[in-house]
Amino acid sequence: MKGLHINRKSDKLVQLNRFFYHALVLGVFVLPIFLSACGAKLGSIESKDVDSLILQAEMTIETARDANASSLAFEDFEEAETYLEKAKAALKNRDGFDAIKFANRAITKAEIAKKKAEKNRMNAEHNADIIGKDALIAELQKQLKSNEQKLTDLDSKLQQYSETEEQLKQNIQTLENEKKEIGNNKKVHEQKIAELKASLKSIQAQALRSETEVSNFGTQIENLSKKVEAAEAMAKSESRQKRAAIAETESLKKQLREQAKTYTALLAEAKKRNVGAEHAEFLRKQEEKARAYVRQLDSSKPKRTGRTSLSTQQINAGKAALTKWHNAWNSKNLTAHFAFYTPASKLNQIIVRESKDHKTSLDKTKVETKLREMNAQGWATSDKSTEVEQDSVIGIYRLSRLVSPPAETEDDTALYDIWIREVWMHQVQGTWKIYRETWQIYENIPKL
């Protein structure tokens, strides 16, 4: 029982010690705040102390500004400036406690902004240094990965070839049968063409004979008419001869008309075949243009390193600026569209016409004139994408417009102009601006 009494007494002492400890901590941290608040109300805070603290906040903000915190850590920098304005407003209202509180916060935020800016700048420099140092390593890793992927692809293809070998054999046999059938059809068509040519030659000769016969019948009719005039007494007999001559002439004319109709149909068929051959040649040329378009599409694209010093927040801001720029184009607000370009921005224009490149360079003034013309032509956006390279955000937009609609025949092909705009943006004093743009315009090609 005595031991239990001692333990209870010890527990009470521990509890009492804890109480005094918490009271002491509370007094150390709360009492100065309470005294400061009372002092602010009583006006015991010296104005020169507040002025000195505000001056220190201004100097700290200026130091952060020199470190480019307004761009590299703009959120904390803006908060520091906001707290400084609040401190000045509190001083003006003779609220010493709030003035000191806001000034201290301004100093803290400015120092944070400065450190973040320095860190971001160091990260950018570090990334630039890494780009130079690990280029070889990255290339080797890329080659290794590419080789591994090739091996994987080869294994996959070998597996596919093994599984589809029988199907390929069947396809080859089918193609050989079709080739043989096409060869047989070709012979039949050649024979029909020879027959048609012979028939056409025969019809032409027959038509010539018919014309001669008609001419001869005309002479006979004229002779019959003279006989009628000379011998009215034999009118009945002569009339029969005249009617026989007319009937014979009409028969020949009918035969001639039928032969001419057949001949005209054959000529129309021959002309149609010639038109088909011309159209096939036209399609061949357009297909060559399309292939040249595909080759130019890949070869004209500049190389990318795939590295950037931009933060995720900066990249998102750049993409948002590109969206505003493109929306201004679609809404035909060209004043807002032009506002995204720097005064020294340049445009490289490549027009591919009949598989040949026509390259020109335009300054901002000529670009604005050209864009007004293009905006009035009814271009439609068919595809868009973004990339990031070094300190730039790149927008790639593919537009098209119909320039030659298909005719009524099913063999005709619609032709389009394809316009690819590649826009490069970077930050200029915290604002995203276009400093370079490349156009690739492909004229009169099928839409791929």
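1. Remarks on the overall build of the protein chain
Item 1. From N to C terminus, the protein chain includes 10 helices and 6 strands.
Item 2. For the protein chain, with 448 residues in total, the buried portion stands at 24%.
Item 3. Across the protein chain, every contact between residues at least 6 apart in sequence was considered, and the portion connecting residues at least 24 apart equals 66%.
Item 4. Within the structure as shown, the protein chain displays about 31,300 Å² of accessible surface, and the carbon and sulfur contribution to it stands at 55%.

2. Examining the nonpolar core
Item 1. Grouped together as the largest cluster of nonpolar side chains are 27 residues, with contacts concentrated most on Trp325, Leu371, Trp419 and Met425.
Item 2. Going through the elements one at a time, helix H8 (312-330), helix H9 (334-338), strand S1 (341-353), helix H10 (364-375), strand S4 (392-404), strand S5 (415-428) and strand S6 (431-445) are the ones with two or more residues in this core.
Item 3. Within the second largest apolar cluster, 22 residues are counted, among which are Leu53, Ala57, Ala90 and Ala103.

3. What to know about the environment of Gln349
Item 1. In this fold, Gln349 is placed in strand S1.
Item 2. In this structure, the C-alpha to C-alpha distance between Gln349 and Arg421, residues 72 residues apart in sequence, is 9.5 Å.
Item 3. Apart from the residues within four sequence positions on either side, Gln349 is in contact with His358, Lys359, Thr360, Leu362, Lys370, Trp439 and Ile441.

4. Quick word on the pattern of salt bridges
Item 1. Within this structure, the stated rule accounts for 11 salt bridges.
Item 2. For the salt bridge of Lys116 with Asp76, the shortest nitrogen-to-oxygen distance reads 2.7 Å. With Lys116 in helix H5 (residues 96-133) and Asp76 in helix H4 (residues 74-92), the pair connects residues that are 40 residues apart, well separated along the chain.
Item 3. Classification of Asp76 by relative accessible area gives buried; the value is 9%.
Item 4. The closest approach of N and O atoms between Asp417 and Arg401, which form a salt bridge, is 3.2 Å. Of the two residues, Asp417 is situated in strand S5 and Arg401 in strand S4; the sequence distance between them amounts to 16 residues.
Item 5. The exposure class assigned to Arg401 is partly exposed, which follows from its relative accessible area of 23%.
Item 6. Overlapping salt bridges bring together Asp76, Glu79, Lys109 and Lys116 as one network.

5. Concerning the packing of aromatic side chains
Item 1. Under the definition given, this model contains 5 aromatic pairs.
Item 2. Plain terms: the ring middles of Tyr83 and Phe102 are 6.2 Å apart, the flat faces sit at 15 degrees to each other, and that makes the pair stacked. Taken as a pair, Tyr83 in helix H4 and Phe102 in helix H5 lie far apart in primary sequence, 19 residues in all. Comparing Tyr83 with Phe102, the two get one shared label, buried.

6. Focus on the sheet that holds S5
Item 1. With respect to topology, 6 strands assemble into an open sheet ordered S2-S1-S6-S5-S4-S3, the strand pairing being mixed. Two strands bound the open sheet, and with one partner strand each, they are strand S2 (356-362) and strand S3 (380-389). The mean inter-strand angle of the sheet, taken between neighbouring strand axes irrespective of direction, is 15 degrees.
Item 2. Note: S4 against S5, 11 bridges, orientation antiparallel. Within S5, the residue paired with Arg398 across the bridge is Ile420.
Item 3. Where H10 meets the sheet, its contacts fall on S1, S2, S5 and S6, and the angle it forms with S1 comes to roughly 55 degrees.

7. Re the pairing of S4
Item 1. Relative to S4, S3 runs antiparallel, the two being bridged by 9 bridges. Bridged to Glu387 within S4 is Ile394.
Item 2. Where S3 folds back on S4, the antiparallel hairpin that results is connected by 2 residues, among which Gln390 adopts a positive phi of roughly 55 degrees.

8. A word on a nonpolar patch on the surface
Item 1. Taken together, the side chains of Leu158, Tyr161 and Leu168 define a hydrophobic patch exposed on the protein surface, amounting to about 320 Å² of accessible area.
Item 2. Relative to the elements of secondary structure, Leu168 occurs in helix H6 (residues 135-230).
Item 3. For Leu168, a relative accessible area of 43% puts it in the partly exposed group.

9. Focus on H8
Item 1. An ideal rise of 1.5 Å per residue puts 27 Å on 19 residues; H8 measures up with 27 Å between its terminal C-alpha atoms.
Item 2. What H8 keeps buried is the set Gln314, Ile315, Gly318, Ala321, Leu322, Trp325, His326, Ala328 and Trp329. Burial along H8 is one-sided: seen end-on, the buried residues are contained in an arc of 155 degrees. Residues of H8 that are exposed and point more than 90 degrees away from the buried face comprise Thr312 and Lys324.

Rules used throughout
Residues numbered from 1 in each chain as written. Predicted model: local features only at pLDDT ≥ 70, side-chain atom pairs only at ≥ 80, totals over all residues. Heavy atoms only, no water. Helix = DSSP H or I, 4+ residues; strand = E, 2+ residues; numbered from the N terminus. Buried < 20%, exposed > 50% of the residue type's maximum accessible area, 1.4 Å probe, protein only. Contact = heavy atoms within 4.5 Å. Areas by Shrake-Rupley, 256 points an atom, 1.4 Å probe, with all protein chains shown as cover. Core = buried A, V, L, I, M, F, W, Y, C linked by side-chain atoms within 4.5 Å. Salt bridge = Lys/Arg side-chain N within 4 Å of Asp/Glu carboxyl O. Phe/Tyr/Trp six-rings, centres within 6.5 Å; stacked < 30°, edge-to-face > 60°. Pairing = 2+ DSSP bridges. Axes fitted to C-alpha atoms, helices over the stretch in contact; angles between N-to-C directions. Patch = residues over 30% accessible without salt bridge, like charges linked within 9 Å, V, L, I, M, F, W, Y side chains within 5 Å. Expected span 1.5 Å × (residues − 1). Arc of directions from axis to C-beta.

Coordinates in, geometry out; function isn't part of it.
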